[in-house]
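Fold and contact review
As a plain string of letters, each chain reads:
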Amino acid sequence: MDPNFSLALMIVGCIVALFLLLYLLPVNLWFTAQLSNVKISLLNLVLMRLRKVPPSLVTNAMIISTKAGLNITSNEIETHYLAGGNVNRVIKALISADKANIPLSFKLATAIDLAGRDVFDAVQLSVNPQVINTPPVAAVAKDGIQLIAKARVTVRANINQLVGGAGEETILARVGEGIVTTIGSSESHKQVLENPDRISKTVLSKGLDSGTAFEILSIDIADIDIGENVGAKLQTDQAEADLKVANARAEERRAMAVANEQEMRAKAQEARAKVIEAEAQLPLAMAEAFRNGNLGVMDYYKMQNIQADTDMRSSISKPGHDTRGPQKD
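Structural notes, computed from the coordinates. The structure presented is a predicted model; accordingly, all values stated were derived computationally and were not measured. Starting from 1, residues in each chain are numbered consecutively following that chain's sequence as written. Local features in this predicted model are restricted to residues of pLDDT 70 or higher, and side-chain atom pairs are both shown and tallied only at a pLDDT of 80 or more, whereas totals for entire chains, interfaces and linings draw on every residue. Side-chain metrics rest on all non-hydrogen atoms present in the structure, leaving aside hydrogens and water.

Helix numbering and strand numbering both begin at the N terminus, where a helix is a DSSP run of H or I of at least 4 residues and a strand a DSSP run of E of at least 2. Across its full length, the chain carries 13 helices and four strands. Partitioning the intrachain contacts of the chain with sequence separation of at least 6 by distance along the chain shows that 66% fall at a separation of at least 24. Contacts are assigned to residue pairs with any non-hydrogen atoms lying within 4.5 Å of each other.

Set out below in structure tokens:
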């Protein structure tokens with residue numbers, strides 16, 4: 001084998017071995033850490049490589065936290081990284097909280113980060129409160145007038161409630177419920193219009209931020225508009241409903257009256273039929289009386305005269321009958 005080729009292979013091998021050694025032994029990171037007064041061993045950096053943890057991420061995080069006066073170990077940072085957390089956001093949040101005198105431990109910060117919330121934004125929200133505008137909330141006072149209110153809720157993050165605490169939707173729902181309750185308990189809509197701060201005081205006294213990730217600082221009524229006269233509309237609807245019920249009952253009584261009239265007419269027809277039937281039996285009864293000698297000829301004529309007189313009286317009593325005799329031309 002050519003000696004020059006063997007020498008070239010040896011040089012290449014040495015270079016590769018040197019690069020591998022420098023990769024496994026991040027001397028520059030270890031040296032930087034030592035200059036920053038960060039206690040971390042070279043062996044620990046090598047083990048991070050083997051555990052697939054970026055040594056630069058852990059080293060830089062420890063340098064930043066140490067310079068900020070925080071006491072965080074490399075094992076804590078490495079554990080949070082392996083759990084899928086955002087190390088840089090946690091370190092920034094801890095530094096911001098420390099500068100703003102907000103009590104925040106590394107354990108709580110990592111728990112908030114692993115829960116899916118941005119811990120740095122939460123710290124910023126604790127320092128700079130946020131204003132939430134509620135949608136229009138409609139409520140009706142006792143006098144039946146509808147009011148439509150809009151509120152502005154000033155909140156800041158409650159660090160201790162970020163894990164498991166309710167969000168903005170719950171705050172808005174509770175504030176809307178408080179507005180409806182306050183307006184609904186007012187005797188007149190004029191009372192609400194004269195003192196809109198009554199709504200704010202009542203809603204704030206209910207402790208609506210309990211169990212949420214926020215702390216309510218203030219509730220300000222931005223606008224109140226007068227809506228419909230719901231009371232009058234309900235009374236009108238009730239009057240129309242009562243009228244329909246009354247009409248239905250009247251129609252029912254009319255139908256019953258018509259049915260009773262038809263029944264009476266049927267009974268009258270039945271009675272006439274019985275009278276006609278009885279009159280048909282009369283000649284037979286008279287013939288039988290003649291045969292038995294119970295009725296004489298004079299009695300028969302007297303009865304005929306009485307019947308004729310009765311028919312005449314009946315014809316005279318009928319309307320439209322002319323009692324005057326025949327008129328001569």
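This next bit is on the side chain of Thr-154. Mapping Thr-154 onto the fold places it in strand S3 (residues 145-157). Apart from the residues lying within four places of it in its own chain, the contact partners of Thr-154 are Pro-129, Gln-130, Val-131, Glu-215, Ile-216, Leu-217 and Ser-218.

Attention now moves to the packing of aromatic side chains. Pairing of aromatic side chains here covers Phe, Tyr and the six-membered ring of Trp, requires ring centres within 6.5 Å, and sorts the geometry by plane angle: under 30 degrees stacked, over 60 edge-to-face, intermediate tilted. Under the definition given, this model contains zero aromatic pairs. Comment: the charge-over-ring label is applied if NZ (Lys) or CZ (Arg) is within 6 Å of the ring centre and within 35 degrees of the ring normal. Of note, Lys-92 hangs over the ring of Phe-120, and the distance from its end group to the ring centre comes to 4.7 Å.

This part covers the pattern of salt bridges. Any Lys or Arg side-chain nitrogen found within 4 Å of a carboxyl oxygen on Asp or Glu counts as a salt bridge. Counted according to the given criterion, the structure contains 11 salt bridges. Close ionic contact of Asp-121 with Arg-89 constitutes a salt bridge, the shortest N to O distance being 3.4 Å. Residue Asp-121 is found in helix H8 (residues 119-127), and its partner Arg-89 is found in helix H6 (residues 87-99); the two are separated by 32 residues along the sequence. When a residue's accessible area, from a 1.4 Å probe over protein chains only, is under 20% of the maximum for its type it is buried; when over 50% it is exposed; and in between it is partly exposed. For Asp-121, a relative accessible area of 43% puts it in the partly exposed group. The exposure class of Arg-89 is partly exposed, given its relative accessible area of 22%. For Lys-201, the salt bridge goes to Asp-197, with nearest N and O atoms at 3.8 Å. Linking Lys-201 with Asp-197, this pair stays in helix H11 (residues 197-204), spanning four residues, or about one helical turn. One salt-bridge network, in which partners are shared between bridges, spans Arg-89, Asp-118 and Asp-121.

Here we come to the nonpolar core. Of all hydrophobic cores here, the largest spans 58 residues; its most connected members are Leu-94, Leu-104, Val-153, Ile-159, Ile-179 and Ile-199. Sorting elements by how many residues they give to this core places H6 first, with seven residues. With residues near it in sequence (within four places) discarded, Leu-104 still touches Ala-93, Leu-94, Ala-97, Ala-109, Val-119, Val-123 and Ile-159. Only buried residues count toward a nonpolar core. Its members are Ala, Val, Leu, Ile, Met, Phe, Trp, Tyr and Cys residues joined through side-chain atoms within 4.5 Å.

Further remarks concern a nonpolar patch on the surface. Together, Val-27, Trp-30, Phe-31 and Leu-35 give the surface a local cluster of nonpolar side chains, amounting to about 400 Å² of exposed area. Look at Trp-30 and you get partly exposed, because its relative accessible area is 30%. Patch definition: residues with relative accessible area over 30% and no salt bridge; like charges joined within 9 Å; nonpolar side chains (Val, Leu, Ile, Met, Phe, Trp, Tyr) joined within 5 Å. Where accessible areas are quoted, they stem from the Shrake-Rupley method and a 1.4 Å probe; at the residue level, only the protein chains shown are allowed to cover.

Within the secondary structure, Glu-78 sits in helix H5 (residues 74-82). We classify Glu-78 as buried; its relative accessible area is 4%. Polar contact is defined as a pair of N or O atoms within 3.5 Å, subject to the rule that within protein one atom must be able to donate a hydrogen and the other to accept it, and that residues adjacent in sequence are counted only when both atoms are side-chain atoms. A distance of 2.3 Å separates the side chain of Glu-78 from the side chain of Arg-51, its partner in a polar contact. Setting aside residues no more than four positions away along its own chain, Glu-78 makes contact with Asn-44, Met-48, Arg-51 and Val-53.

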